[in-house]
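As a plain string of letters, each chain reads:
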Amino acid sequence: MKTSDRQMKLMYIGSDESVLSNFDKLNGRIDLIHQTNPLEASEWIEKNGNVDGVISELDLPGRNGLDFHTVFVEKYDSKSLVPYLLLVTEKQPEIIKRAMEQKISDVYAKPVDAETITKRINFLKVLQVHMKFNMPQKNKKIKIYKTPFFKRSFDIVFAGLALIALSPLLLLFIAAIRIESKGKVYYISKRVGTGYRIFNFLKLRSMYPDADKRLKELEHLNQYKTEETGEDLTEVIQQDTMIEGSTILFGDEEEIEEQTHIKRQKQKQDKAFVKFENDPRITKVGHIIRKLSIDELPQLINVIRGDMSIVGNRPLPLYEAEMLTTDEWTDRFNGPAGITGLWQVEARGKTSKMSPEERKGLDNKYVEIANSKYSFWKDMWIILRTIPAVFQKENV
């Protein structure tokens, strides 16, 4: 992650000594402005200008952290570009719901780790730079991908007919998931699609609800370990759903605590995957729906909603999108996000895993195709190749 040359300036609003002492451990790596109440915070910002991030307690004298966020956005941050984190004693559903409605950047249950907070704000600032891609800018023309009429029409018709035709199968597996294990039958995560637009990505749940706990218990069985330290590394994203206790990061197939991820980031190790032989975190039904890609069927709803197309570049988890900050790789976001795409059909059946560079290269190649006059026929070719690829043994 790229960081600014200047010292990051954060504001903490509250009086929790444990939070303050935790930030003291950063040894002056950030400039922490401490204000005990919203009035002092407002006066400081009005006098000194804005900050790189705000960390506010929910319980504050005079005005709580949720109310102050509304004032902060209206008076000082009308474009909501400054990360605003809310600290709570307990993550209550009504508080989480209101925080999401107000577009508060994140909610953390105390105790919190200053390193985690700082890295989260850094990540949000990087992401917000890319999200400006969607915003009209004066004196600067930006080519934003717009789905052609025929492609969008095909997406709606194809996804609609597919949902109708496959609804008996979908309902059957939904019932099977529910019977085998309690919990929601679907899984939602935040993904980054066309133009860095973030949306709710839908899948059928293939893991047990307590998969995060099982991951910790089974770390010693992980087949991916670094030779030097013997530690396993996990490719991760942050799940939209708030979880009690420590923050859990979720990938397509992996889940890990954010603290563990940050520790491994510090060690500057290459990212890898958690892989278990006969992974016990996956349900029996989960093995079947993954094998046949049935867990992907809810994404047809994403297609109808306009979040994705049938064919396009795979929408990325936030943590992966954050890493693609160079001009060379951001081009992949100038095309449609899709259920299947060029690298998926190229990777199926390969004896060795496709490298991240190869995948990103194929994503960029598809963007060129998507903006050409032959894009529709190329999409048909990819769809035809996807059908037999689903039944091949290699899992991509």
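Everything here concerns the structure above.
Along every chain, residues carry numbers that run from 1 in the direction the sequence is written. Reporting in this predicted model follows two pLDDT cut-offs: at least 70 for local features of residues, and 80 or more for side-chain atom pairs to be given and counted; totals over whole chains, interfaces and linings ignore these cut-offs and use all residues. Side-chain calculation: all heavy atoms of the structure are included, whereas hydrogens and water are not.

1. Description of the overall build of the protein
Counting secondary structure elements, the protein contains 15 helices and 13 strands. With a 1.4 Å probe rolled over the protein chains alone, any residue whose accessible area is under 20% of its type maximum counts as buried; one over 50% counts as exposed, and the rest are partly exposed. Counting the 396 residues in the protein, one finds 49% classified as buried. Two residues qualify as a contact provided that any one of their heavy atoms is within 4.5 Å of a heavy atom in the partner residue. Long-range contacts, defined as pairs at least 24 residues apart, comprise 69% of the intrachain contacts of the protein with a sequence gap of at least 6. Note on areas: Shrake-Rupley with a 1.4 Å probe; residue coverage comes only from the protein chains shown. Total accessible area on the protein is roughly 21200 Å²; 55% of this is exposed by carbon and sulfur atoms. A helix here means a DSSP run of H or I that spans at least four residues, while a strand means a run of E at least two residues long, and both kinds are numbered starting from the N terminus.

2. Focus on the packing of helix H2 (residues 38–48) against helix H3 (residues 65–76)
The axes are straight lines fitted to the C-alpha atoms, using for helices just the contacting stretch, and the angles between their N-to-C directions are given from 0 to 180°. Two elements in contact, H2 and H3, have axes separated by 11 Å at closest approach and are oriented at 15°. Taken together, the axes of H2 and H3 lie roughly parallel to each other. In this structure, H2 crosses over H3, and the sense of that crossing is right-handed. Residues Pro-38, Ala-41, Ser-42, Ile-45 and Glu-46 of H2 lie in contact with H3, whose contacting residues are Phe-68, Phe-72, Lys-75 and Tyr-76. Our angle categories are set so that under 35 degrees counts as roughly parallel, over 145 as roughly antiparallel, 65 to 115 as roughly perpendicular, and the remainder as oblique. For a crossing to be left-handed, the near helix must be turned anticlockwise from the far one by less than a right angle; the clockwise case is right-handed.

3. Notes on the pattern of salt bridges
Salt bridges are defined as contacts in which a side-chain nitrogen from Lys or Arg sits within 4 Å of a carboxyl oxygen from Asp or Glu. One pass over the full model with this rule turns up 12 salt bridges. Glu-115 is the salt-bridge partner of Arg-29, the closest N and O atoms lying 2.8 Å from each other. Pair noted here: Arg-29 is in the loop between helix H1 (17–24) and strand S2 (30–35) and Glu-115 is in helix H5 (residues 114–131), with a separation of 86 residues, a long-range link. Judged by relative accessible area, which is 13%, Glu-115 ranks as buried. Between Asp-307 and Arg-197 there is a salt bridge; the shortest N-O distance is 3.2 Å. In this pair, Asp-307 sits in the loop between helix H10 (299–305) and strand S11 (309–311) while Arg-197 sits in the loop between strand S6 (186–192) and strand S7 (198–204), placing the two residues 110 residues apart along the sequence. Arg-197 sits in the partly exposed class, given a relative accessible area of 36%. Via salt bridges that share partners, Lys-203, Asp-295, Glu-296 and Arg-314 belong to a single interconnected network.

4. Comments concerning the packing of helix H6 (residues 149–180) against helix H9 (residues 284–291)
It is the contact of H6 with H9, at a shortest axis distance of 9 Å, that shows an interaxial angle of 150°. Overall, the two elements H6 and H9 adopt an arrangement that is roughly antiparallel. Side by side, H6 and H9 meet where Phe-173, Ala-176, Ile-177 and Glu-180 of the first sit next to Lys-284, Val-285, Ile-288 and Ile-289 of the second. Its residues assigned to classes, the contact of H6 with H9 shows 6 nonpolar, no polar and 2 charged. Under the scheme applied, nonpolar residues are Ala, Val, Leu, Ile, Met, Phe, Trp, Tyr, Cys and Pro; charged residues are Asp, Glu, Lys and Arg; polar residues are all the others, including Gly.

5. Quick notes on the sheet that holds S7
If DSSP finds at least two bridges between two strands, the strands pair. Taken together, the 3 strands give an open sheet; going across it, the order is S7-S6-S12, and neighbouring strands pair in antiparallel fashion. Both outer strands of the open sheet, S7 and strand S12 (316–317), are each paired with one neighbouring strand and no more. Here S6 pairs with S12 via 2 bridges, running antiparallel. From the neighbouring strand, Arg-191 faces S12, where its bridge partner is Pro-317.

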